[in-house]
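Chains, contacts and geometry: an overview
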Amino acid sequence: PISPNSRWGGQYLTRYLRWEGGEGHDPEAPCLLLVHGFAASAEQWQRLVHQLRAQAGGEPLPPVYALDLLGFGMSEKPGLSYTQYVWEAQVPAARGLTHSDSARRLVSPNLA
């Protein structure tokens, strides 16, 4: 995966992983945005992405993005109060990282 950085709120450095879409994927199709749960990181999704590709049976997958939430993984860990609201606010910003208005699919182990 590609591991670019961005700034959340123009201030705090965050990192995400990006797996390119499969050759021939529909550029209009929504990408897949993966958000880890508490005390985890974007790396937890690597096995899932590899399994999805293996099970796709030759069908091209859309691009996949996995976010390191602020305070976790390789994202910055500023001295602020980490609440669900801080992490919740990062998801719309992460959709902007996908460079697509079609980032409609969201997967999180804590959203059931």
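Notes on the structure in this doc start here. (Residues numbered from 1 in each chain as written. Predicted model: local features only at pLDDT ≥ 70, side-chain atom pairs only at ≥ 80, totals over all residues. Heavy atoms only, no water.)

Another point: the overall build of the protein. Scanning the protein for helices and strands turns up two helices and five strands. The buried share of the protein, taken over its 112 residues, is 41%. Considering only residue pairs separated by 6 or more positions, the protein has 68% of its internal contacts joining residues 24 or more positions apart. On the protein, roughly 6600 Å² of surface is accessible, and the fraction owed to carbon and sulfur atoms is 53%. (Helix = DSSP H or I, 4+ residues; strand = E, 2+ residues; numbered from the N terminus. Buried < 20%, exposed > 50% of the residue type's maximum accessible area, 1.4 Å probe, protein only. Contact = heavy atoms within 4.5 Å. Areas by Shrake-Rupley, 256 points an atom, 1.4 Å probe, with all protein chains shown as cover.)

A separate point is the side chain of S41. Here S41 is to be found in the loop between β3 (32-35) and α1 (46-55). Classification of S41 by relative accessible area gives buried; the value is 18%. Within the structure, S41 has its side chain in polar contact with the side chain of E43 (distance 3.1 Å). Non-local contacts of S41, meaning those with residues more than four positions away in its chain, are made with H36, D68 and G73. (Polar contact = N/O pair within 3.5 Å; in protein donor to acceptor, adjacent residues only side chain to side chain.)

Where burial is concerned, the two faces of β3 agree: the one with L32 and L34 and the one with L33 and V35 are both buried. Between the parallel pair β3 and strand β4 (residues 64-68), the chain is carried across by α1, and the sense of this crossover is right-handed. (Right-handed = clockwise from strand over helix to strand, strands pointing away.)

In a soluble, globular protein the nonpolar side chains are often hidden away together inside. By size, the foremost hydrophobic cluster in this structure holds eleven residues: Y16, C31, L33, V35, Y65, L67, L69, F72, W87, V91 and A94. Those elements giving two or more residues to this core turn out to be β3, β4 and α2 (84-97). When residues in this core are grouped by element, the largest group, three residues, is from α2. Counting residues in hydrophobic clusters, the runner-up holds nine residues, among them L17, L34, V49 and A66. (Core = buried A, V, L, I, M, F, W, Y, C linked by side-chain atoms within 4.5 Å.)

Of all eight residues making up strand β2 (residues 12-19), six are buried, and the element is well covered by its neighbours. Following strand β1 (residues 5-8), the chain reverses through three residues before pairing antiparallel with β2; G9 in that reversal takes a positive phi of roughly 65°. Relative to β4, β2 runs antiparallel, the two being bridged by five bridges. Across the sheet, residue L17 finds its bridge partner in β4, namely A66. (Pairing = 2+ DSSP bridges.)

Glancing now at the pattern of salt bridges. As enumerated under the stated definition, the model contains three salt bridges in all. Between R15 and E43 there is a salt bridge, with the nearest N and O atoms lying 2.9 Å from each other. In this pair, R15 sits in strand β2 while E43 sits in the loop between β3 and α1, placing the two residues 28 residues apart along the sequence. Classification of E43 as partly exposed rests on a relative accessible area of 33%. One salt bridge in this structure joins E20 and R18, with 2.5 Å as the shortest N-O distance. With a relative accessible area of 21%, R18 lands in the partly exposed category. (Salt bridge = Lys/Arg side-chain N within 4 Å of Asp/Glu carboxyl O.)

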